[in-house]
There are 2 protein chains.
Amino acid sequence: MNKTVNIAIVGLGQIGNFLYNEINKKRKEIKIKTGKNIKIIAISAKNPKKKRKFNINKKIFFKNPIEIIRKKKIDILFEVIGTPDGISKKIVEMCIKKKIHVITPNKALISKHGNKLSKLAEKNKINLEFEASVAGGIPVIRTIKEGLATNTINKVYGILNGTCNYILSEMENTKDNFKNVLKKAQYLGYAEQGNPKLDLNGYDAFAKVRILSSLAFNKKISHAKCLMDGIENIEYKDIEIASQLNFRIKLLGITELIENQLFERVHPCLVKKNSYIGNVNGVMNAVILNGQPIGESILQGEGAGPGPTSSALMSDLLSILRGNIKYPFGISDKERKKPKPYDIRKYLNSLYFRFEVKDKPGVLSLITKQLANYNISVERLVQIPDHKNKTASIVIITHKSSENNAQNCMKLFRSNKYILKKPTLIRLL
Amino acid sequence: MNKTVNIAIVGLGQIGNFLYNEINKKRKEIKIKTGKNIKIIAISAKNPKKKRKFNINKKIFFKNPIEIIRKKKIDILFEVIGTPDGISKKIVEMCIKKKIHVITPNKALISKHGNKLSKLAEKNKINLEFEASVAGGIPVIRTIKEGLATNTINKVYGILNGTCNYILSEMENTKDNFKNVLKKAQYLGYAEQGNPKLDLNGYDAFAKVRILSSLAFNKKISHAKCLMDGIENIEYKDIEIASQLNFRIKLLGITELIENQLFERVHPCLVKKNSYIGNVNGVMNAVILNGQPIGESILQGEGAGPGPTSSALMSDLLSILRGNIKYPFGISDKERKKPKPYDIRKYLNSLYFRFEVKDKPGVLSLITKQLANYNISVERLVQIPDHKNKTASIVIITHKSSENNAQNCMKLFRSNKYILKKPTLIRLL
């Protein structure tokens, strides 16, 4: 690499704009740390006139990002648009083929096309870096690839979506319902105004789980169908009852190898109140790794927002400037085998069920009988009557039961006239 | 570097021996990740016949480690002897001058001679790596140098000594005294049999603080005199009273920049029971970094023992094998300025005092008057009488007071006939 390094930033939303400012602010420091003079020579975004926190240099603005790659001599490009396909994919592919290093926080793109893109990057001997795609304020990707390089990791889990963690924490703190707290999260900028669904339904966390699995287990990114459940159906009632039973509800992303089969999932979990993960609240993210010989390793930090995300993007930049050419996923593409998927139906777990029922004799016995038919045995049971409406909430925590039995049993409950709505199912950690 | 890389290990105690076995076990994996064939071609230790957990190859054993450097063609040497001077220093210097990469967990050596050794390493363009010198199971050095590369860090603190954390946790759990719990820690291998002093008096944690400061603030390692206090004088009584006041006692290492002046210290701290750091118990280590734009970043893991330490040594090995030539402290020696020391006497902090006194009228007023003379004002006061011995424990938590006043006031208390022993002073976090 030359002593002067030309940089382009494509996408100037909150993150791209913050990054643009960071790079300009830290040019001297970067020179000291890497010996390189960096220069942003091209930027692009949908709207050049949009109001931004930091001013941009309009002289280097391109309306069409493809033009940058075609016309300018770029060494490193930041792709900060963020679509899983379309223009993001096109730009990244073009860059790699033209031997331009790529840095991106785009988890949707990497989790969907990471296998193909990393193979292409390896072939072209350039860096494809995506530290910011998982938990920006936590350098977890670098930690797995380098800091824990020769550990045998068997499980990675954690709080990977700050929006959901904020909403669940805030519901507990304010005793308010999901809808109102979501509005507050949107107002504060923690949840997207337009379509917050990708955070709430687990999709965002799931993309991160896919990337973490691949890195931790040295496998190709899986595209098998997996267990994904969001927090949209969690009611304050669940949080309250969980609390009485000494639990908190957290949306967790979990990936592990069970008999060398990959088991990935994202769903709300009942975690013990006095556990570490039970005390990571608000917009914080946390990742827990179990490996040998390291034992348990915990990383915690802010998950999103322009600051932490830029921190991760800058660490990728410095890595490239220092000349650390690496395989995007730590090992060569040809060594990354396709993972065998674990049959989730076999999974044994304790479960929390909440049933809203008519307060009639025989309803409880009907439920417990049905559970027994599916080999699901009750560990704890709480019944909370609502005398005014002649209804009751029945909460059951089960002994370990198979996912298959739980799902089949759930289906039957839906067609029972005494059960007023679809029961809530939350898995225990 | 050639495709075949020759390795030597000097020192075959618990860690060296575990590492020897790890390297042999993971040769294939290392080949996949780095493309290099590694081979241990020389080992050395005081006693070739010592009983070790893993068998060593006696054909490559050297009685004198210096012979290895003189006679064999080594690419990378692990220094795992661990003395701050003497043979460890000699070996490391010889290697660097012969352009042999060095990896070491030797915090005593690095904190004492790191400035000189890193300059030498830079001059000879080889790697001097010491990830294992601070909190083995936590890749904190790599995280500061790379993962958080362009953050402006202003404070790093944490639990850096697993022995002390185990003892304090176990005293709380078993209500037993320091002496008995120390014996248990020695029996379990958490504290050294012969001379556990370097762990208990804060020296071990302090060496780590020195290294962290240097990395986090991009300064030379400081050799200024600093605040260092151990846990030898903590009694169960302190833990009990702290608990009643909703605190736990933790030995913390803390380093921060106050008006660009370096303030390093190791001492027991009263931390809130419901804080994150108050819940890191047993032999666990934790490091908390405050930086911009990252915010607060937390890392937790096992701090010592052959497994976590080897994990860190192996991460250094892979870094070298991947060809990541770097400045040992992240930036060039000539950019690392000598830090200005902060005048500790100015430091304002809340304090916990415990006085053991004769149960006589006027003693309490005497103490509070003396405190008032030194501008130390009382926030909370607890008096616990011991009727049998006609004594009492007086515990005072103060508002923020200067370290200077606290120290001067302490001296006077020592010469008071109603105060039965040197008062205990613990700082609040």
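Look up a bit, the structure's there.
Now for a look at the structure at hand. Just so it is clear, the model here is predicted, and its values are computed rather than measured.

1. Considering the overall build of chain A
Logical step 1: Across its full length, chain A carries 14 helices and 19 strands.
Logical step 2: Relative to its length of 429 residues, chain A is compact, with a C-alpha radius of gyration of 24 Å against a globular reference of 22 Å.
Logical step 3: In terms of its C-alpha atoms, chain A occupies a principal-axis envelope of roughly 80 × 45 × 35 Å.
Logical step 4: Residues classed as buried in chain A amount to 51% of the 429 residues present.

2. A few points about the interface of chain A and chain B
Logical step 1: The interface of chain A with chain B comprises 41 residues on the first partner and 41 residues on the second.
Logical step 2: Counting residues per element, the ones that place at least two in the side of chain A that touches chain B are α2 (27-34), α6 (140-147), β12 (295-302) and α12 (306-321) of chain A.
Logical step 3: Taken together, the residues of the side of chain A that touches chain B break down into 14 nonpolar, 17 polar and 10 charged.
Logical step 4: Bridging between β12(A) and strand β12 (residues 295-302) of chain B involves 5 bridges; their strand directions are antiparallel. Of the residues in β12(B), the one forming a bridge with Gln300(A) is Ile298(B).

3. Here's the deal with the nonpolar core
Logical step 1: Counting 250 residues, the largest nonpolar core has Ile9(A), Ile167(A), Ile9(B) and Ile167(B) as the members making the most contacts within it.
Logical step 2: Residues in contact with Ile167(A), not counting those within four places in the same chain, are Phe178(A), Val181(A), Leu182(A), Ala185(A) and Ile231(A).

4. A short note on the relation of the copies chain A and chain B
Logical step 1: For the pair chain A and chain B, the best superposition has an RMSD of 0.0 Å and corresponds to a rotation of 180° with a translation of 0.0 Å parallel to the axis. Each copy turns onto its partner about a two-fold axis. When C-alpha distances to the rotation axis are compared across chain A, the minimum falls at Leu299(A), with a value of 2.3 Å.

5. Digging into unusual backbone geometry
Residues and elements named next belong to chain A.
Logical step 1: Following Gln292, the chain continues into Pro293 via a peptide bond in cis, with omega recorded as 0°.
Logical step 2: Tracing the backbone through its elements, the reader meets Pro293 in the loop between β11 (284-292) and β12.
Logical step 3: Of note, Lys125 is a non-glycine position whose phi angle comes to about 55°, a positive value.
Logical step 4: Its place among the elements puts Lys125 in the loop between α5 (107-123) and β6 (128-129).
Logical step 5: Phi at Ala135 is positive, roughly 45°, even though this residue is not glycine.
Logical step 6: With respect to the element layout, Ala135 can be found in the loop between β6 and α6.
Logical step 7: Residue Ala135 is classed as buried on the basis of its 32 C-beta neighbours within 10 Å.

Conventions adopted
- Residues numbered from 1 in each chain as written.
- Chains lettered and ligands numbered in written order.
- Predicted model: local features only at pLDDT ≥ 70, side-chain atom pairs only at ≥ 80, totals over all residues.
- Helix = DSSP H or I, 4+ residues; strand = E, 2+ residues; numbered from the N terminus.
- Rg over C-alpha atoms; globule rule 2.2 N^0.38 Å.
- Buried ≥ 20, exposed ≤ 12 C-beta atoms within 10 Å, placed from the backbone.
- Contact = placed C-beta atoms within 7 Å.
- Nonpolar A, V, L, I, M, F, W, Y, C, P; charged D, E, K, R; others polar.
- Pairing = 2+ DSSP bridges.
- Core = buried A, V, L, I, M, F, W, Y, C linked by C-beta atoms within 7 Å.
- Least-squares fit on C-alpha atoms with pLDDT ≥ 70 in both.

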